[in-house]
Amino acid sequence: MTKMDAESVRPDTLSRGDEIVSRINQLAAISETPAHLARIFLTREHRAAAELILTWMRSAGMAAHLDPIGNVCGRYEGDRPSLPCLMLGSHYDTVRDAGKWDGPLGLITAISCVAELSKRARRLPFAIEVIGFADEEGVRFASTLLGSRAVAGTFDESALGAKDTAGISLREALTEFGLDPGHIGAAARARRELLAYVELHIEQGPVLEAESLPVGVVTAIAGATRLAARLTGMAGHAGTVPMPLRRDALAGAAECIGAIEEFCRTDEGGLVGTVGYIHAMPGATNVIPGQVSFTIDIRAPTDAHRKRAVTDIVRQIEAIAKRRKLALQLDVTHENRTVPCAPWLQQQVAEAIAAEGYRVFELPSGAGHDGMAMIDIADVGMVFVRCRGGISHHPDEHVDLADADAGARVLLRLIENFRPRSGT
Ligand code: GLV
Ligand code: MN
Ligand code: MN
């Protein structure tokens, strides 16, 4: 342990950690259902959360607005108007039955750092922008990073036709929300406007806890491929169709899921594969399932490894479908390469961590983040904050107040000592 006990909190900063935790709880109260946190893109809860975040940004001294895709954007001017910005942020959408820290911690901490500068009337030789991305998780339209892709100018217009499980298209949902689907291009920012994009996020894994460290330097964000699969067989009477004559789509999907799990489980290079959603039709006890849709999420430490694995898994699924006489439709809904964090930003994150008295520890991110989209217009840096037991995408997700405070101190120090990459 270095000079500061990682569990201790400096009394003068306790109020910052308190405020962060209080805001985490306020956002967590905005949920589709009170018992299971779910705050999904372009819903009533999205709107309510955005309004709350806008008030926090304004009270931190920022000019704030909602952009054309529903991101919440705040700007704190530098010592002169119109300077390029250091952009900070994270997402405020959630998965279903989510934890309350994944995304909001980075956003709320960034706002709290700006509030601190504003309180001290401190202006820096660059602007600070804080952005709350509207859709990082991709729960509703099965295509992730819609918020950050719009900002990076890489939003794919064909996504407007994607439909949620209720059959509502992204185009319709944007219109219903009061946004103009024809205007998304206006959310895009130019590379020259940004000095860097830096995100603080919970680790979502157990490594920092094992190292007894509250914070860490992120080296890279692992790539991911997501696919949507649909198997079509023949629905029929559960009592009359003999087993050899069936074309049961759900039994076929079960075999595919088993094959995906086995393939990843026996891989020795850190490959992970998940089927997180499945829907069987028509969905009755006494009807053979005629059609099944499911999703596949594949990640690996290197892009080459992931791509090879996807090819092999697709081949296995095709073989299963063929043998069972099921029609197969397989679409890639999301593909992101591994994104390295810029060495010069890693260096500045490390300096901020060391200056706060913690041992500098580097680790990669197995989870995806908005930096995967922002890399197209800015160098990306990330700070990880320890979370209890490495639990995430689960209601038990938890960050100690002391760690939230440590993250805030590191981020504030990083901002105050930030030096743009030489040559910019
Ligand atoms: C985002 O949380 C992801 O990694 O799926
Ligand atoms: Mn997440
Ligand atoms: Mn996240």
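Residues numbered from 1 in each chain as written. Chains lettered and ligands numbered in written order. Predicted model: local features only at pLDDT ≥ 70, side-chain atom pairs only at ≥ 80, totals over all residues. Heavy atoms only, no water.

Enquirer: Hey, could you run me through the overall build of the protein chain in this one?
Expert: Broken down by element type, the protein chain carries 11 helices and 16 strands. In terms of overall dimensions, the protein chain has C-alpha extents of about 75 × 50 × 45 Å along its principal axes. In the protein chain, which comprises 424 residues, the share counted as buried stands at 54%. The contacts in the protein chain between residues at least 6 apart in sequence include a share of 79% that link residues at least 24 apart. As displayed, the protein chain offers around 17,900 Å² of accessible surface, 53% of which is attributable to carbon and sulfur atoms. For the protein chain, the centre of its 45 positive side-chain charges and the centre of its 54 negative side-chain charges are spaced 3 Å apart. (Helix = DSSP H or I, 4+ residues; strand = E, 2+ residues; numbered from the N terminus. Buried < 20%, exposed > 50% of the residue type's maximum accessible area, 1.4 Å probe, protein only. Contact = heavy atoms within 4.5 Å. Areas by Shrake-Rupley, 256 points an atom, 1.4 Å probe, with all protein chains shown as cover. Lys, Arg positive; Asp, Glu negative; His and termini not counted. Charge placed at Lys NZ, Arg CZ, Asp CG, Glu CD.)

Enquirer: Is there a simple way to think about the coordination of the manganese ion (ligand 2) in this case?
Expert: Protein-derived ligands of the manganese ion (ligand 2) are D102 (OD), E137 (OE), E137 (OE) and H393 (NE2), with the metal-ligand distances lying across 2.0 to 2.7 Å. Counting residues between consecutive donors of the manganese ion (ligand 2) along the chain gives the motif D-x34-E-x255-H. Distance-wise, the manganese ion (ligand 3) is placed 3.5 Å from the manganese ion (ligand 2), both being coordinated by D102. Pair noted here: E137 is in the loop between strand 4 (127-133) and helix 4 (146-152) and H393 is in the loop between strand 16 (380-385) and helix 11 (401-416), with a separation of 256 residues, a long-range link. For E137, a relative accessible area of 9% puts it in the buried group. Accessibility expressed as a relative area gives 42% for H393, which makes it partly exposed. (Donors = N, O, S within 2.8 Å, 3.2 Å for Na, K, Ca; no water.)

Enquirer: Could you clarify how one ought to interpret the packing of aromatic side chains in this entry?
Expert: Working definition: an aromatic ring pair is given by the centre-to-centre distance plus the angle between the planes. This model, assessed by the stated rule, comprises four aromatic pairs. For the pair F41 and F141, a centre-to-centre distance of 6.3 Å together with 90° between the ring planes defines the contact as edge-to-face. Here F41 is found in the loop between helix 1 (14-28) and helix 2 (44-59), whereas its partner F141 is found in the loop between strand 4 and helix 4, with 100 residues between them in sequence. On the basis of relative accessible area, F41 is assigned to the buried category, the value being 1%. Relative accessible area serves as the criterion here: at 4%, F141 is assigned to the buried category. A connected cluster of aromatic rings, assembled from ring pairs, spans F126, W344 and F418. A cation over an aromatic ring shows up here: R47 above the ring of F177, its NZ or CZ 4.1 Å from the ring centre. (Phe/Tyr/Trp six-rings, centres within 6.5 Å; stacked < 30°, edge-to-face > 60°. Lys NZ or Arg CZ within 6 Å of the ring centre and 35° of its normal.)

Enquirer: Is there a simple way to think about the domain arrangement of the protein chain in this case?
Expert: For interface size, the figure often reported is the accessible area lost on association. What the domain assignment lists for the protein chain is domain 1 (3-222 + 338-416) and domain 2 (224-336). Inter-centroid distance (C-alpha atoms) of domain 1 to domain 2 is 33 Å. Each side of the interface is counted separately: domain 1 has 13 residues, and domain 2 has 12 residues. Summed over the shared surface of domain 1 and domain 2, the result is zero salt bridges. Viewed at the interface, domain 2 and domain 1 are joined by six residue pairs in polar contact (both at pLDDT 80 or more). (Domains from an automatic or database assignment. Salt bridge = Lys/Arg side-chain N within 4 Å of Asp/Glu carboxyl O. Polar contact = N/O pair within 3.5 Å; in protein donor to acceptor, adjacent residues only side chain to side chain.)

Enquirer: So what exactly am I meant to see when it comes to the coordination of the manganese ion (ligand 3) here?
Expert: When four donors bind a metal tetrahedrally, each ideal donor-metal-donor angle is 109.5 degrees, and when six bind octahedrally, the ideal angles are 90 or 180 degrees. H91 (NE2), D102 (OD) and H201 (NE2) make up the full set of protein donors to the manganese ion (ligand 3), lying at 2.0 to 2.3 Å. Overall, D102 belongs to the buried group, its relative accessible area being 5%.

Enquirer: It is not clear to me how the side chain of E45 should be interpreted in this structure. Could you clarify?
Expert: Looking at the secondary structure, you find E45 in helix 2. It turns out E45 is buried and unbridged, and the closest side chain with the opposite charge, R44, is 4.1 Å from it. Beyond its immediate chain neighbours, meaning those up to four positions away, E45 contacts I30, S31, E32, A38 and R39.

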